[in-house]
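# Breakdown of the fold
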Amino acid sequence: MLIVTSNEIPGHRIDAVFGEVMGLTVRSRDIGSQMLAGFRSLGGGELPEMTKALYESRQEVMARMVNEAQQRGANAIVAMRFDTSEMGTNWTEVCAYGTAVYVLPLGEGEPGATGQSVYLTKTAAQQPAQPPQPQQPGQPIPPAPPTQF
């Protein structure tokens, strides 16, 4: 899954837009880490316990956002952003959001093509077609990807 903070992906054409997707978590800070971080903050510098908690939260919300985009049939997310806010004294909300899209790499000779997109189109042309995978019961059926010309 391609994820970019820009509104476009160089060397790719947005072929379908599936709308906004997001991942969200609300975490409470455990008292031990909070007390240890409080003592460390007296001397200044990084608070590794809080850094680890925020890193894990970001990984979790990214995974949730990607899962939602994949369920809609997207292969990329554009305009991705993080948002973090405090809720009360011990809760932190972390959100990742963006626009789920289906992109096609531009081939050689197409305006805007990049070395990477040309490579991707050549590699895709050399691979045999994949047989359709069976759907799991209860899962939504994703839309068919657009036809590449």
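A brief report on the enclosed structure follows. This is a predicted model, so every value here is computed, not measured. (Residues numbered from 1 in each chain as written. Predicted model: local features only at pLDDT ≥ 70, side-chain atom pairs only at ≥ 80, totals over all residues. Heavy atoms only, no water.)

The subject of this paragraph is unusual backbone geometry. Despite not being glycine, Ala79 shows a phi value in the positive range, around 55°. Counting through the fold element by element, Ala79 comes out in strand S3 (residues 76-87). (Helix = DSSP H or I, 4+ residues; strand = E, 2+ residues; numbered from the N terminus.)

When you line up the elements, Thr25 lands in strand S2 (residues 12-28). A distance of 3.4 Å separates a polar atom in the side chain of Thr25 from a polar atom in the side chain of Glu60. (Polar contact = N/O pair within 3.5 Å; in protein donor to acceptor, adjacent residues only side chain to side chain.)

Relative to S3, strand S1 (residues 2-3) is paired through 2 bridges, and the arrangement is parallel. Residue pairing in the sheet places Ile3 in a bridge with Ile77 of S3. Remark: 3 residues form the turn of the hairpin made by S3 and strand S4 (residues 91-105), two consecutive strands paired antiparallel; Gly88 in that turn has positive phi of roughly 75°. (Pairing = 2+ DSSP bridges.)

The biggest cluster of nonpolar side chains holds 11 residues, and these are Val21, Val61, Met65, Val66, Ala69, Ala74, Ile77, Met80, Val94, Ala96 and Ala100. Mapped by element, the contributors of at least two residues to this core are helix H2 (48-71), S3 and S4. Of the residues forming this core, the biggest block, 4 residues, is contributed by H2. When near neighbours in sequence (up to four residues on either side) are disregarded, Val94 contacts Gly23, Leu24, Thr25, Leu54, Ser57, Arg58, Val61, Asp83 and Thr84. Among the nonpolar cores identified, the runner-up in size contains 5 residues, and Ile9, Val78, Val101 and Val103 belong to it. (Core = buried A, V, L, I, M, F, W, Y, C linked by side-chain atoms within 4.5 Å. Buried < 20%, exposed > 50% of the residue type's maximum accessible area, 1.4 Å probe, protein only. Contact = heavy atoms within 4.5 Å.)

So, about the pattern of salt bridges. If you walk through the whole model with that rule in mind, you get 6 salt bridges. One connected set of salt bridges, linked through shared partners, spans Arg27, Glu60 and Arg64. (Salt bridge = Lys/Arg side-chain N within 4 Å of Asp/Glu carboxyl O.)

Right, let's talk about the environment of Ile77 for a bit. In this fold, Ile77 is placed in strand S3. Ile77 sits in the buried class, given a relative accessible area of 0%. Residues Ile77 and Phe18, 59 residues apart in the sequence, show an inter-C-alpha distance of 9.7 Å.

With that out of the way, let us pick up the packing of aromatic side chains. Considering all chains together, one arrives at 0 aromatic pairs under this definition. Sitting above the plane of the Phe82 ring, Arg58 keeps its charged end 3.9 Å from the centroid. (Phe/Tyr/Trp six-rings, centres within 6.5 Å; stacked < 30°, edge-to-face > 60°. Lys NZ or Arg CZ within 6 Å of the ring centre and 35° of its normal.)

Let's shift gears to the sheet that holds S4. Spatial strand order, S1-S3-S4-S2: 4 strands in an open sheet with mixed pairing. On the outer flanks of this sheet lie S1 and S2, each paired with one strand and no other. Strands in contact with H2 are S1, S2, S3 and S4; relative to S2, the strand with the most contacts, it is inclined by about 140°. (Axes fitted to C-alpha atoms, helices over the stretch in contact; angles between N-to-C directions.)

Attention shifts here to the pairing of S4. Most of S4 is tucked away, with 11 of its 15 residues classed as buried. Sheet topology places S2 next to S4; 15 bridges connect them, and they run antiparallel. Its bridge partner being in S4, Thr25 is matched across the sheet by Val94. Where S3 lies against S4, 10 bridges are found, and the strand directions are antiparallel. Each residue of the ladder has a partner; that of Thr84, found in S4, is Val94.

So, about H2. Between the first and last C-alpha of H2 there are 35 Å, a value that for 24 residues agrees with the 34 Å anticipated at 1.5 Å per step. Turning to H2, its buried residues are Glu49, Ser57, Val61, Met65, Val66 and Ala69. Phi turns positive, to about 100°, at Gly73, one or two residues after H2. (Expected span 1.5 Å × (residues − 1).)

Fair warning: the whole summary comes from geometry, so function is off the table for now.
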